[in-house]
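Understanding the architecture of this molecule
Here is what each chain is made of, one letter per residue.
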Protein chains: 2
Amino acid sequence: MAKSKNAITMPVATRTTTIKSIDCNSTLGFKGDKAAAQVLLTALNAEMAELQNTLYAEHKHKVLVVLQAMDTGGKDGVIRKVFSGINPQGVKVISFKAPTSVELDHDFLWRVHAAVPAKGDIVVFNRSHYEDVLITRVHKWIDDKTAAKRMRQINNFESMLAEEGTTILKFFLHISKDEQKIRLRSRLDDPTRAWKFNPLDLEERKYWDAYQAAFQDAISHTSTAHAPWYIVPANRKWVRDLAISTVIVEKLRSLKLKYPEPAEHLDAVEIED
Amino acid sequence: MAKSKNAITMPVATRTTTIKSIDCNSTLGFKGDKAAAQVLLTALNAEMAELQNTLYAEHKHKVLVVLQAMDTGGKDGVIRKVFSGINPQGVKVISFKAPTSVELDHDFLWRVHAAVPAKGDIVVFNRSHYEDVLITRVHKWIDDKTAAKRMRQINNFESMLAEEGTTILKFFLHISKDEQKIRLRSRLDDPTRAWKFNPLDLEERKYWDAYQAAFQDAISHTSTAHAPWYIVPANRKWVRDLAISTVIVEKLRSLKLKYPEPAEHLDAVEIED
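Residues numbered from 1 in each chain as written. Chains lettered and ligands numbered in written order. Predicted model: local features only at pLDDT ≥ 70, side-chain atom pairs only at ≥ 80, totals over all residues. Heavy atoms only, no water.

1. So, the interface of chain B and chain A
Contact residues are listed per partner, giving 39 residues for chain B and 39 residues for chain A. Three residues, Q89, W195 and I271 of chain B, lead the burial of chain B against chain A; their summed loss comes to 20% of the area buried on that side. Our enumeration of links across chain B and chain A arrives at three salt bridges. Salt-bridge contacts for D273 of chain B lead to K181 of chain A; the nearest nitrogen and oxygen are separated by 2.5 Å. A per-element tally of the side of chain B that touches chain A places helix α7 (residues 177-189) of chain B first, with five residues. Class assignment for the residues of the side of chain B that touches chain A results in 20 nonpolar, seven polar and 12 charged. (Contact = heavy atoms within 4.5 Å. Buried area = accessible area lost by both parts, 1.4 Å probe. Salt bridge = Lys/Arg side-chain N within 4 Å of Asp/Glu carboxyl O. Helix = DSSP H or I, 4+ residues; strand = E, 2+ residues; numbered from the N terminus. Nonpolar A, V, L, I, M, F, W, Y, C, P; charged D, E, K, R; others polar.)

2. Section: the packing of helix α6 (residues 144-163) of chain B against helix α9 (residues 208-222) of chain B
Residue and element names in this part refer to chain B. At a minimum axis separation of 10 Å, α6 and α9 run at an interaxial angle of 40°. It follows that α6 is oblique to α9 by the angle criterion. Handedness of the crossing formed by α6 with α9: right-handed. Where α6 approaches α9, its residues M151, I154, N155 and E158 are matched on the opposing element by D217, A218, H221 and T222. (Axes fitted to C-alpha atoms, helices over the stretch in contact; angles between N-to-C directions. Parallel < 35°, antiparallel > 145°, perpendicular 65-115°, else oblique. Left-handed = near helix turned anticlockwise from the far one by under 90°.)

3. Some details on helix α1 (residues 34-58) of chain A
Residues three or four positions apart in an α-helix share a direction because the helix packs 3.6 residues into each turn. All names here are of chain A. Helix length check: α1, at 25 residues, gives a terminal C-alpha distance of 35 Å against a target of 36 Å (1.5 Å per residue), a fit within 8%. For α1, the set of buried residues is A37, L41, L44, N45, M48, L51, Q52, T54, L55, A57 and E58. In this fold, the buried residues of α1 make contact with β1 (62-69), α2 (75-83), β3 (122-126) and α10 (237-254). Among the residues trailing α1, H59 stands out with phi positive, at a value near 55°. (Expected span 1.5 Å × (residues − 1). Buried < 20%, exposed > 50% of the residue type's maximum accessible area, 1.4 Å probe, protein only.)

4. A short note on the nonpolar core
Core analysis: the biggest nonpolar cluster contains 72 residues, and F83, F125, F171 and I248 of chain A have the highest contact counts within it. Residue contributions to this core peak at nine residues, all from α10 of chain A. Sequence-distant contacts of I248 of chain A, that is, excluding residues within four places in its chain, are made with M48, V65, V82, F83, L169 and F171 of chain A. Residues A115, L134, F172 and L252 of chain B belong to the second largest nonpolar core, which totals 71 residues. (Core = buried A, V, L, I, M, F, W, Y, C linked by side-chain atoms within 4.5 Å.)

5. Some thoughts on the sheet that holds strand β1 (residues 62-69) of chain B
Residue and element names in this part refer to chain B. Across the sheet, five strands lie side by side as β2-β3-β1-β4-β5; this open sheet has parallel pairing. Each edge of the open sheet is held by one strand with a lone partner, namely β2 (91-95) and β5 (229-233). On average, each strand axis in the sheet is inclined to that of its neighbour by 20°, with strand direction left out of account. Bridge count between β2 and strand β3 (residues 122-126): five bridges; the pairing is parallel. Looking at β3, one finds that K92 is bridged to V123. The sheet contacts of helix α10 (residues 237-254) involve β1, β4 (166-174) and β5, and relative to β4 the element is tilted by about 170°. (Pairing = 2+ DSSP bridges.)

6. Section: the sheet that holds β3 of chain A
Strands in a sheet are paired, the pairing made by backbone hydrogen bonds, and the direction either parallel or antiparallel. Residue and element names in this part refer to chain A. Strand order in this open sheet of five strands is β2-β3-β1-β4-β5, and the pairing throughout is parallel. Edge positions in the sheet fall to β2 (91-95) and β5 (229-233), since each has one partner strand and no second. Each adjacent strand pair in this sheet contributes to an overall mean axis angle of 20°, direction not counted. Where β1 lies against strand β4 (residues 166-174), eight bridges are found, and the strand directions are parallel. Within β4, the position partnered with V63 by the bridge is T167. Helix α6 (residues 144-163) rests against β1 and β4 of the sheet, and its axis sits at about 135° to β4. Across the sheet, α10 is in contact with β1, β4 and β5; its angle to β4 comes to roughly 170°.

7. Quick notes on the side chain of E58 of chain A
All names here are of chain A. Note on placement: E58 falls in helix α1. Put simply, E58 is tucked away with no salt bridge, and the nearest opposite charge, on K258, sits 4.2 Å away. Beyond its immediate sequence surroundings of up to four residues, E58 is in contact with L257, K258 and P260. (Lys, Arg positive; Asp, Glu negative; His and termini not counted.)

8. Remarks on the relation of the copies chain B and chain A
With an RMSD of 0.0 Å, chain B superimposes on chain A once it is rotated by 180° and translated 0.0 Å along the axis. When the rotation and shift are considered jointly, the pair of chain copies conforms to a two-fold rotation axis. In terms of C-alpha distance to the rotation axis, chain B has G85 of chain B as its closest residue, with the C-alpha 2.5 Å off the axis. The residues that chain B uses at the interface reappear at the interface of chain A in 100% of cases, marking a shared surface. (Least-squares fit on C-alpha atoms with pLDDT ≥ 70 in both.)

9. Some thoughts on the packing of aromatic side chains
This structure, assessed with the given rule, holds 12 aromatic pairs over all chains. Note on Y56 of chain A and W195 of chain B: the rings are 6.0 Å apart at their centroids and 75° apart in plane angle, and the pair reads as edge-to-face. Here W195 of chain B lies in the loop between α7 and α8 (199-205) and Y56 of chain A lies in helix α1, a pairing that spans two chains. The partly exposed category is assigned to Y56 of chain A, whose relative accessible area is 26%. Classification of W195 of chain B as partly exposed rests on a relative accessible area of 23%. Here the aromatic rings of Y130 of chain B and W229 of chain B are separated by 4.9 Å at their centres, their planes lie at 70°, and the arrangement is edge-to-face. One end of the pair, Y130 of chain B, is in the loop between β3 and α5 (135-138); the other, W229 of chain B, is in strand β5, with 99 residues separating them in the sequence. In terms of burial, Y130 of chain B and W229 of chain B fall into one category: buried. Taking the ring centre of F108 of chain A as reference, the NZ or CZ of R150 of chain A above it sits at 4.9 Å. (Phe/Tyr/Trp six-rings, centres within 6.5 Å; stacked < 30°, edge-to-face > 60°. Lys NZ or Arg CZ within 6 Å of the ring centre and 35° of its normal.)

Coordinates in, geometry out; function isn't part of it.
Here it is in structure tokens:
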């Protein structure tokens, strides 16, 4: 397919990519405006719905999308904008909350493994096993040695999933500290969104630099060929949505999905009255 | 709200309602055509998306939608048409397959209970615990006494769910035997849908009358005020989708959902730079 002049380019994060080097306000080379992006996103939504239908029918590939971000980074917005229009039967969203006491009595990958996609499924993780090397690390509930061990365990776990047919795409929605302030303020002032305001978010905001460092370390150590991290400039919601949708659709296209071959001679099947 | 001239009326099944008395081709008094129905459905989709958002925010009510039908009855189609456009985070679709050996080692409600909606959730059952008084009964894997016991157990179970805040809506998608033949044929002839064809469907079709009798008995004994059955004329897909969407949206409206009150003085909250 020829690249349109409105092509968007999303580089995979590598071991040497720094979060700081990515401009949260970037438009990723997109030449159009917000309205033009919306037109493209609508087309990508329709294509994703069609690709998902084939993925489900083929019953071969498994797709896992991981969303991580600072508070107000836009995880919920991505789910609503990028995955709306898809058959709800083919997309499962798993929101990982603070672990329960039963979950804490197991290894940190236990509850995650239980939720990974089966053949034909798309599963979206709203937060994930990465919290176990993020919030835990920022608050020093685990030391660096434990964090390093967990990142190694994550790589082995994701490698196994990939070997067994899972396509893994991980997105860090990258907003600036100023943008978070604007979003927290706007949440407070909107009666349909004020319920999302959590006073604890203000406490977490004080650890901004420690979170950025923990994200940097996690992304550097766990962005692999089979489970790449994308650092998504997310101050502009329309860039964020278009970028993520583009990556997912291009990946699904590359799987060369196809409807299963029907058994031969289906046209000879007799259906009784 | 004033009834529009295009109002559709979906009566709840009662103990004396017979499936046979419902015309599979009915338009339920709808005066418009398919295109007019599509306009209404699109508006209902948007309203359902908004209501779901409030349901999720309020975090109080639980909503369970049960879909049952003969093969090709349109369960997958309903999920795609009625629930598309809703935030995928707020709707979970659970497809119950033939039970595993572990599931069979438990009571028949065990796997079902594990999947019911939590506060703020909409869960759609694509097949359900009703299979345990349908296919099982048609093939005489259980006797009438066991079926009667299970229906009593289902009523007690659903009553408990309702008492604990679950709104339950059950839909039987009612197609005619002729319509099923047309749909099986069309599935065979369409390369994008031939994969859905299962030769066993032709075997099950031979038990049509026994299935209708089992559905009749199940609906008669389990349509209650807190968990009503709706018998949906489903030969016309647009009538089916419009009818189900109407019932769900009217029910959600009746819950008087509202966004939680924000804590007072949110406007006085200071956000540090």
